[in-house]
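# Chain and residue survey
In case you want the letters, here they are:
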Amino acid sequence: MYRINGKEALGIEFGSTRIKAVLVDENCNPVASGSHTWENKLVNGVWTYDISDVWSGLQDAYANLNKEVKEKYGTVITDLSALGFSAMMHGYLPFDAEDNQLCPFRTWRNTITGEAAEKLTKLFGFNIPQRWSIAHLYQAILNGEEHTKDIAFLTTLAGYVHYKLSGEKVLGVGEASGMFPIDSNTCNYDLSMIDRFSALDEVKGFDWNIKDILPKVLKAGDNAGYLTKEGALLLDPTGNLNAGAPMCPPEGDAGTGMVATNSVTVKTGNVSAGTSIFSMIVLEKQLSRVYEEIDMVTTPVGLPVAMVHCNNCCTDLDYWVNLFSQFSSLSGGRLTKPQIYDLLYSCALDGDSDCGGVISYNYFSGEPVTHISDGRPLVVRTQDCNFNLNNFMRCQIYSAMASLKIGMEILDNEGVKIDCLMGHGGLFKTPLVGQRLMAGAMNTPVTVNKTAGEGGAWGMAILARYSVESKGLALDDYLSQSVFADCESTTVEPDKNDADGFEKYMKLYKKGLAVEKTAAENI
């Protein structure tokens, strides 16, 4: 039986709906986990999380982890060999010189920085998405927001938590690439773009310089400080956890997804499908031009990555499953929520390959990839469509993939080669259903590892372990030799009928985007 020995590494990820903690042994095998459910709020038109919820949620997730450790191993965690934090990328968290938070946390989900993103994209000759930190900062400046003059430190959620637990204002390069463009040759912020931003008339009057308020950039494997006594108590108020554990650079959920799916080398890619959906494709060469729909970010070691990020994925799908769950309960059914998910997902496989003319738009928020500024979940069908449960559920899953497909078509036209897509996230929990439909939608083989359910928190724990025991290996070699050498996985090849049906569905979907835009403008 395994015994807790203080050599474990801890990874914690702040996802959109769940904060998850995963404890791994010396071989990166998960030995315990804990989680906390939370939810963003729309406050005065801004998607946000209260900072108080960050700490209460973190402590609850860690307490639940310790509870499982106690139940399994008869002890609690007192020492760690390493730890690291990850979170949903981007967003806006500014602080003054006394560490006072200057405005509510503005998350990746907001589409309120269009003017800034457009101007910065032209200035840099580099796509700046609306959710990036630099877009939020510049938009706040353009808005004349008073707090901008007092900024001394700008960071992301992962960077903020790391700072409070270690005292170090740093970020992993993958996470940093969602704040400001990165030069992959130096694995640091692009200095020419730093200079161009600093020279803007609206910016140069401030006492601060952008290069001084951004976190220091580190690569996977670098030391990013140590857990302080104050940090240990923030994580574990019981006082059982000792200070001193080395900390790895904080990373974004995109970076941990790449690690958790072993897709950090050229021509590999992964699709993360949960509250949002995004693909990360490691490039052989840079794209031929700037695309508004494609983010250029990096792996945790700084390799260029084309990212197609869509704000909406499983949220609307989950609402429909909840509706069917309520009906089941009212009718006296005894199916559990997971059983209802599996049943409805399986129905989708029996639907027409093109959904029989039923179309769904899952837009809870705006969707930059399709140039929709605000969202209204919507189902559209003609009077003579083949409307049944199977087609309805298939169109819900198709809807979760449709915006991603539009972005992936750009990469396909650029000649980007992908050997295989690695799938992870909630869409793939029901065996084979999401995997098969994704393979058809992207017309690419999709692989799901047995460990895919461990998600980004496990990926973060691997990065923590790598930072103290890389064995002299590059990250991709470490993953292949020390983590995934014996990993079980399933690969599904694209089915021609599925691929043809999805293409037919997409033709209607693209035409109907005008309806979605009108709905957002009028309802």
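The present account deals with the structure reproduced in this document. Note that the coordinates shown come from a computational prediction; the quantities given were computed from them, not determined experimentally. Each chain has its residues counted from 1, running along the sequence as written. The predicted nature of this model means local features are confined to residues of pLDDT at least 70 and side-chain atom pairs, given and counted, to a pLDDT of 80 or more, with totals for whole chains, interfaces and linings taken over all residues. In computing side-chain values, all of the structure's heavy atoms are included and hydrogens and water are not.

## Things to note about the environment of Arg-394
Rules: Runs of H or I in DSSP of at least four residues are treated as helices and runs of E of at least two as strands, each being numbered from the N terminus. Contacts are assigned to residue pairs that have any heavy atoms within 4.5 Å of one another. In protein, a polar contact means a hydrogen-donor-capable atom and an acceptor-capable atom, both N or O and within 3.5 Å, with residues adjacent in sequence counting only if both atoms are side-chain atoms; elsewhere, any N or O pair within 3.5 Å suffices.
Of note, Arg-394 is situated in helix H12 (residues 389-413). Along the chain, Arg-394 and Cys-347 lie 47 residues apart, while their C-alpha atoms are 7.6 Å from each other. The residues contacting Arg-394, other than those within four sequence positions of it, are Ala-348, Leu-349, Gly-351, Asp-352, Ser-353, Cys-355, Arg-436, Leu-437 and Asp-498. Side-chain polar atoms of Arg-394 contact the backbone oxygen of Asp-352, separated by 3.3 Å.

## A few points about the side chain of Gln-139
The topology assignment puts Gln-139 in helix H3 (residues 133-142). Here the side chain of Gln-139 touches Ala-116 through a polar contact of 3.0 Å, landing on its backbone nitrogen. Each residue touching Gln-139, except ones within four places of it in the same chain, is listed here: Ile-112, Thr-113, Gly-114, Glu-115 and Ala-116.

## Concerning the pairing of strand S14 (residues 268-273)
What counts here: Burial classes follow relative accessibility: with a 1.4 Å probe on protein chains only, a residue under 20% of its type's maximum area counts as buried, one over 50% as exposed, and anything between as partly exposed. If DSSP finds at least two bridges between two strands, the strands pair.
Judged by how many residues are buried, S14 sits mostly within the fold: six of six residues are covered. Residues of S14 alternate between two faces, with Thr-268, Asn-270 and Ser-272 on one and Gly-269, Val-271 and Ala-273 on the opposite face, all of them buried. Alignment of S14 against strand S20 (residues 420-424), held across five bridges, turns out to be parallel. Bridge pairing links Asn-270 to Met-422 in S20. Bridge count between S14 and strand S15 (residues 277-282): five bridges; the pairing is antiparallel.

## Some thoughts on unusual backbone geometry
Phi is positive for Asn-44, close to 55 degrees, though the residue is something other than glycine. For Asn-44, the position within the fold is in the loop between strand S4 (41-43) and strand S5 (46-48). Take Asn-44: its relative accessible area is 80%, and that puts it in the exposed class. One non-glycine residue, Cys-355, lies in the positive phi region at around 70 degrees. Inspection of the secondary structure assignment puts Cys-355 in the loop between helix H11 (337-349) and strand S18 (358-361).

## Topic: the packing of aromatic side chains
Just so we agree on the cut-off: Paired rings are identified among Phe, Tyr and Trp, the last through its six-membered ring, by centres lying within 6.5 Å, and are further divided according to the angle between planes into stacked (under 30 degrees), edge-to-face (over 60) and tilted (the rest). Think of it as a cone above the ring: NZ of Lys or CZ of Arg counts as a charge over the ring if it is within 6 Å of the ring centre and within 35 degrees of the ring normal.
Applying the stated criterion across every chain, the model contains 26 aromatic pairs. Taking 6.2 Å as the distance between ring centres and 90 degrees as the angle between the ring planes, the aromatic pair formed by Phe-387 and Phe-392 counts as edge-to-face. For Phe-387, a relative accessible area of 42% translates into the label partly exposed. Look at Phe-392 and you get buried, because its relative accessible area is 6%. An aromatic cluster of three or more residues is present, and its members are Tyr-361, Tyr-363, Tyr-398, Phe-502, Tyr-505 and Tyr-509. For the cation-ring pair, Arg-109 lies above Trp-47, with the distance from its terminal atom to the ring centre recorded as 4.7 Å. The positively charged end of Lys-169 is found above the aromatic ring belonging to Phe-153, 4.7 Å away from the centroid.

## Considering the sheet that holds strand S21 (residues 446-449)
The line we're drawing: To get an axis, a line is fitted to the C-alpha atoms, and for a helix only the part in contact is used. The angle between two axes follows their N-to-C directions and goes from 0 to 180 degrees.
Pairing is mixed in the open sheet, where seven strands are placed in the order S16-S17-S15-S14-S20-S21-S22. Looking at strand neighbours, the two that pair on one side only are strand S16 (295-298) and strand S22 (489-492), the edges of this open sheet. Across the sheet, the axes of successive neighbouring strands diverge by a mean angle of 25 degrees, strand direction being ignored. The pairing of S15 with strand S17 (residues 304-310) spans six bridges and is antiparallel. Counted as the bridge partner of Ser-279 is Val-308 from S17. Against the sheet, helix H9 (residues 253-260) makes contact with S14, S15, S16, S17, S20 and S21, and its axis sits at roughly 65 degrees relative to S15, the strand it touches most.

## Considering the environment of Lys-510
Note that Lys-510 resides in helix H16 (residues 496-522). On a C-alpha basis, the gap between Lys-510 and Ser-403 in space is 9.4 Å, while along the polypeptide they are 107 residues apart. When neighbours within four sequence positions are excluded, Lys-510 is seen to be in contact with Ile-406 and Glu-409. Looking at Lys-510, its side chain comes within polar contact range of the side chain of Glu-409, at 3.0 Å.

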